[in-house]
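Structural overview for review
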Amino acid sequence: MTRAPAARDRRFVARSTPTMKRLLQAPNLAIATLWADQLTGAGIAASVQRAFACGIAGQIPPDQALPEVWVQDDGQHARATALLHDLHHRPHRHWLCRCCGEAVDGPFEQCWNCGALLQAPA
Ligand SMILES: [Zn+2]
C-alpha cells in the first residue's frame, strides 16, 4: 500500500523542479528573438513571452507591452545574464583582413568584404 507523500515531501519536489524565470525585457520582438536564439544556441533553454503584446499597446501599461525573454530553468538565470552581458559588450577591434587586406572596425569577427574570419593571434 502506498501512502500519499507528506506535505514536507511535496515542498521538496516543488523546489527541485525547474521553473521559468524572466530574464529581461526586450525593446522589440526581433531583439527578443535574437537574444532567445543566442541563449538557446549556448545550451540555455529560453523563450520569448509576450511576443505579440505590442498589438494591444495603449490598452495595457507600456511596460507590459514589450516582449520578454525567459529562461526555462531558473537555475540557468545567472549564466544567461552573464552570457547576454558578454554578447552586448563585445570588444571593439580594428584589424586588417589577412585574405583581402580590408580594414574591419567594430565588434566583428568576420571580414565584411570577403567573409574571412578573424584569426586568433598565434
Ligand atoms: Zn577580407
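Shown above is the structure to which this text applies.
In this report, we go over the structure that sits alongside the text. Predicted model only: the values in this text are computed from it and were never measured.

So, about the overall build of the protein. Each helix and strand counted, the protein has three helices and five strands in total. Secondary structure elements of the protein occur, N-terminal to C-terminal, as α-β-α-β-β-α-β-β. Out of the 122 residues in the protein, the part that is buried amounts to 11%. Here the contacts in the protein between residues at least 6 apart in sequence split such that 47% fall between residues at least 24 apart.

For the rest of this paragraph, the subject is helix α2 (residues 29-41). With 13 residues, α2 ought to run about 18 Å at 1.5 Å a step, and its terminal C-alpha atoms sit 18 Å apart, in line with that. The set of residues buried in α2 consists of A32, W35, A36 and L39. Looking straight down α2, one finds that the buried residues subtend no more than 95 degrees of arc, so they occupy a single side. Turned more than 90 degrees from where α2 packs its buried face, A30 and G41 sit exposed. The elements touched by buried residues of α2 are β2 (46-49), β3 (68-71) and α3 (77-88). In the segment just after α2, G43 is the residue with positive phi, at about 90 degrees.

For the rest of this paragraph, the subject is the sheet that holds β3. An order of β1-β3-β2 is seen for the three strands of this open sheet, with the pairing classed as antiparallel. This sheet does not close on itself; its edge strands, each paired only once, are β1 (21-25) and β2. The average undirected angle you get between the axes of adjacent strands in this sheet is 30 degrees. Strand direction decides the pairing type here: β1 and β3, joined by four bridges, are antiparallel. Counterpart to L24 in the pairing with β3 is V69.

Next up on the list: the nonpolar core. Proteins that are soluble and globular tend to have nonpolar side chains buried together. Listed in full, the eleven residues of the largest apolar core are L23, A26, A32, W35, A36, L39, A46, V69, W70, V71 and A80. Put simply, the parts of the chain that give this core at least two residues each are α2 and β3. When residues in this core are grouped by element, the largest group, four residues, is from α2. Apart from residues no more than four positions distant in its own chain, A26 is found in contact with I31, A32, W35, L66, P67, E68 and V69.

Once that is clear, we can look at the environment of M20. Along the polypeptide, M20 turns up in the loop between α1 (7-16) and β1. On the neighbour-count criterion, M20 (15 C-beta atoms within 10 Å) is partly exposed. With 26 residues separating them along the chain, M20 and A46 place their C-alpha atoms 8.8 Å apart. Sequence-distant contacts of M20, defined by excluding residues within four places in its chain, comprise W70, V71 and Q72.

Each value, and the rule that gives it
Residues numbered from 1 in each chain as written. Predicted model: local features only at pLDDT ≥ 70, side-chain atom pairs only at ≥ 80, totals over all residues. Helix = DSSP H or I, 4+ residues; strand = E, 2+ residues; numbered from the N terminus. Buried ≥ 20, exposed ≤ 12 C-beta atoms within 10 Å, placed from the backbone. Contact = placed C-beta atoms within 7 Å. Expected span 1.5 Å × (residues − 1). Arc of directions from axis to C-beta. Pairing = 2+ DSSP bridges. Axes fitted to C-alpha atoms, helices over the stretch in contact; angles between N-to-C directions. Core = buried A, V, L, I, M, F, W, Y, C linked by C-beta atoms within 7 Å.

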